[in-house]
There are 2 protein chains.
Amino acid sequence: MTSETKLPTRRLDRTDIAILRQLQDNARITNAELARAVNLSPTPCFNRVRALEKLGLFRQHVTLLDAGALGLRINVFIQVSLEQQVEDALRVFEKEIEDRPEVMECYLMTGDADYLLRVVVPDMQSLEHFIVQWLTKIPGVSNIRSSFALKQVRYKTALPLPTVGLTLPSGEETPQEWT
Amino acid sequence: MTSETKLPTRRLDRTDIAILRQLQDNARITNAELARAVNLSPTPCFNRVRALEKLGLFRQHVTLLDAGALGLRINVFIQVSLEQQVEDALRVFEKEIEDRPEVMECYLMTGDADYLLRVVVPDMQSLEHFIVQWLTKIPGVSNIRSSFALKQVRYKTALPLPTVGLTLPSGEETPQEWT
DNA sequence: GTTGAAAGAGGCGCAGC
DNA sequence: GCTGCGCCTCTTTCAAC
């Protein structure tokens, strides 16, 4: 070889993007299938996947379970305000969050500088326990407001990707067509 | 065999739950590894996974990509109110949602009977385009309020599962220890 | 339920174009 | 960058306990 065979480039072409799309939809696709789906032969397809991995684009391969089938009926968004938005209080709160499996998502939000949580529990009793016995006992938590989801209209994990090409951050920015 | 070998039971024991836990964390685990992780030999492990599949517990095996690495910097929650909460208006709105890849999540909420969206876009320009050129043009949409996520403190797809045992819905409910 | 063996498929690396 | 070959591990099935 002259230099590196497939040195991690910051420019993804449409084939790379097609690969990412396929993997977002199906983490268990075989390399042979994937290659067929993106019009490549298995070896170069495999090499591209490895290169994309090296770029750190993959977080995890996961199985999505059916919450309803498992009896997890309650999906609730909880807005949490802290008494003081000093960095220390934030760190404490975020540390507490880590161990609670019912907290599916947690965002630090603009505006009132509070947190938005999405919490999943099987029933109201569990929710009450979560809020009263745990959430309100975190030091610094001042106000809590819950909104219930009546229906999960959409839930997906596949990120929106551009159709044509994509320059990765810390390369310079080019305007891209996002679909 | 006397009747069915492994007829889909509605009762999951701790081994089933251990399997679900492993798969939630790693969709690409091999059956051999999985078996070792849950203290089983490969064959019964494989049979259990197939039984869990038949129960409809698995939604999908997906690859989670790194939004930041792909230049998707903006994560915004949008509350959408409709002029009238007639069923027809809801159906129209939900239908429109389906085709927009930047809508990661959409929930029908209690209270003002509106929707909560989580939208991911690369930049402000894309967000403006999404809201002005598309969202506001859906018939029935009256009010829109956006809140930005400054930081994604936590994002996971693994549902909270009980530690010990679990009776699936449409069997009768027994109180379970949810962790 | 469990273990063990056997066949078929796919991952993965290599040599050549 | 692509193709074709080959090893080797894993999945998946089938017998017996």
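Everything that follows concerns the structure shown earlier in this document.
Everything quoted here is computed from the prediction, not taken from an experiment.

The rules we used
Residues numbered from 1 in each chain as written. Chains lettered and ligands numbered in written order. Predicted model: local features only at pLDDT ≥ 70, side-chain atom pairs only at ≥ 80, totals over all residues. Heavy atoms only, no water. Contact = heavy atoms within 4.5 Å. Buried area = accessible area lost by both parts, 1.4 Å probe. Salt bridge = Lys/Arg side-chain N within 4 Å of Asp/Glu carboxyl O. Least-squares fit on C-alpha atoms with pLDDT ≥ 70 in both. Near = heavy atom within 4 Å. Polar contact = N/O pair within 3.5 Å; in protein donor to acceptor, adjacent residues only side chain to side chain. Helix = DSSP H or I, 4+ residues; strand = E, 2+ residues; numbered from the N terminus.

S.K.: How do you make sense of the interface of chain B and chain A when you look at a structure like this?
M.R.: A common measure of how large an interface is: the accessible area buried when the components associate. Of the residues lining the interface, 68 residues belong to chain B; the matching set on chain A comes to 68 residues. For the pair chain B and chain A, the summed buried surface comes to about 6,900 Å²; carbon and sulfur atoms form 60% of the total. When the buried surface of chain B facing chain A is broken down by residue, Arg59(B), Leu65(B) and Arg154(B) rank first, second and third, together holding 11% of it. Taken together, the links from chain B to chain A amount to 4 salt bridges. Between Lys151(A) and Glu94(B) there is a salt bridge; the shortest N-O distance is 2.7 Å.

S.K.: When you look at the relation of the copies chain B and chain A in this model, what are you seeing that I'm missing?
M.R.: A rotation about some axis, followed by a shift along it, carries one copy of the chain onto the other. For the pair chain B and chain A, the relating rotation is 180°, the translation along its axis is 0.0 Å, and the fit reaches an RMSD of 0.0 Å. In the structure described here, the two chain copies are related by an operation that fits a two-fold rotation axis. Residue Val62(B) of chain B places its C-alpha closer to the rotation axis than any other residue of that unit, at 2.8 Å. The share of interface residues of chain B whose copies in chain A are also at the interface is 100%, consistent with both copies meeting through the same surface.

S.K.: Explanation requested: the protein's contact with DNA strand C in the structure shown.
M.R.: Taken together, 12 residues form the shell around DNA strand C, and within it Thr30(A), Asn31(A), Ser41(B), Thr43(B) and Pro44(B) come nearest. One of the side-chain N or O atoms of Arg50(A) is found 3.3 Å from a phosphate oxygen in DNA strand C. A distance of 3.0 Å separates a base oxygen of DNA strand C from a polar side-chain atom of Thr43(B). Those elements that provide at least two residues to the surface near DNA strand C are helix 2 (31-37) and helix 3 (42-54) of chain A together with helix 3 (42-54) of chain B.

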